[in-house]
Amino acid sequence: MYEAALGLVDPALKSRGLFAKIFKKTMSIAGETPMHYLYFDFVTNHILSQKLISRYGTCDMALFLGCQTKEHQASLEKIGLGPDPEDMDRYTILFSIIPRVKQPFGKKICLPESLGSRLGFLLKPLGLTWYPASRIDTLTPEGGYKTEVQTAQKAVIFDMYQPGRQAAEKILDEWREYLNDGYEYAAVDVPLGGPGIGALYDLLSRNGFFVSGFIPYRFTERLGFRFQSLGHTKVAFDKIQIATASGKRLLETIVQEQTILT
């Protein structure tokens, strides 16, 4: 795993582009390493890293809206990038990948119209087309999921490895309990390609969940989707900084839906 970050340089080497050279070499090595894709998660209280890595052909996938607490986010003031956004209890992450093969998630994917019509634009750079699922596509009765608790981030991630109505209802009950315990962010990750995704979306959205975007499910070649929900917290939407056109369009879509739900 590679991560671009700030660093400290000996004053004798200052302004020689040391870290730019290190990053360029790192990307060169990554380009020679067999893989389907590289993934990146960008902070959105500034756009420096987004602009730097977008030159290598990033494809925006999802926005994890308010997924990190303010206490665990790098302070702009401390790293010399100006004042931090006010009225922001939680920070957002932009999730993007750089494909290393022509079609890292295959050629076609079945999506409910409610997702494909609004977010299908994210799939085009991946060489992936979508076709609409049947309107009578239903969830299986049971299903299954696993829970990951991120205590430091006051977040909980539900991995719904088998979409089903009973599993979805248990997730909603569990999320209500975490809300009572002071948790502020929840996500439901689900693999695509199976039945009932539209019905799952309807059920989750009736209970406060909204779209996040596409994810590599468990970081494999299978495409997944993330739904997300926020607890009692403040996220200043107008202070979220996105550098790319597709990322801005995704943010607009998510904010519109989240605003309607609240």
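As a reminder, the structure under discussion sits directly above these lines.
All figures in this text were calculated on a predicted structure; none of them were measured in a lab. (Residues numbered from 1 in each chain as written. Predicted model: local features only at pLDDT ≥ 70, side-chain atom pairs only at ≥ 80, totals over all residues. Heavy atoms only, no water.)

## A short note on the packing of aromatic side chains
Centre-to-centre distance and the angle between the planes together describe a pair of aromatic rings.
Thought 1: Overall, the coordinates contain 12 aromatic pairs when judged by the stated rule.
Thought 2: In textbook terms, an aromatic cluster arises when at least three aromatic residues are bridged by ring pairs, as seen for Tyr39, Phe64, Phe95 and Phe219.
Thought 3: Sitting over the ring of Phe64, Arg226 keeps its end group 4.2 Å from the ring centre.
Thought 4: One residue, Arg249, lies across the ring of Phe121, its end atom 4.0 Å from the ring centre. (Phe/Tyr/Trp six-rings, centres within 6.5 Å; stacked < 30°, edge-to-face > 60°. Lys NZ or Arg CZ within 6 Å of the ring centre and 35° of its normal.)

## A look at the layout of surface pockets
Thought 1: In this structure, the second largest pocket encloses a volume near 590 Å³.
Thought 2: Surrounding the second largest pocket, 21 residues form its lining, Phe64, Gln150, Asp189, Phe219 and Arg226 being those nearest its centre.
Thought 3: Elements with a minimum of two residues in the lining of the second largest pocket: β1 (37–43), β2 (59–69), β3 (90–99), β6 (144–150), β7 (155–162), β8 (185–191) and β9 (210–216).
Thought 4: A breakdown of the residues in the lining of the second largest pocket according to their chemical character gives 11 nonpolar, 3 polar and 7 charged. (1 Å grid on protein atoms, 1.4 Å probe; cavity = no way out; pocket = protein on both sides within 12 Å on 5 of 7 lines; lining within 4 Å. Points joined across faces, edges and corners; volume = space filled by probe spheres on them. Helix = DSSP H or I, 4+ residues; strand = E, 2+ residues; numbered from the N terminus. Nonpolar A, V, L, I, M, F, W, Y, C, P; charged D, E, K, R; others polar.)

## Side note on the nonpolar core
Thought 1: Counting residues in hydrophobic clusters, the biggest one holds 75 residues, and the most contacted among them are Phe214, Phe225 and Phe227.
Thought 2: Residues in contact with Phe214, not counting those within four places in the same chain, are Met61, Ala62, Phe95, Leu111, Leu119, Leu122, Leu123, Leu192, Leu223, Gly224 and Phe225. (Core = buried A, V, L, I, M, F, W, Y, C linked by side-chain atoms within 4.5 Å. Buried < 20%, exposed > 50% of the residue type's maximum accessible area, 1.4 Å probe, protein only. Contact = heavy atoms within 4.5 Å.)

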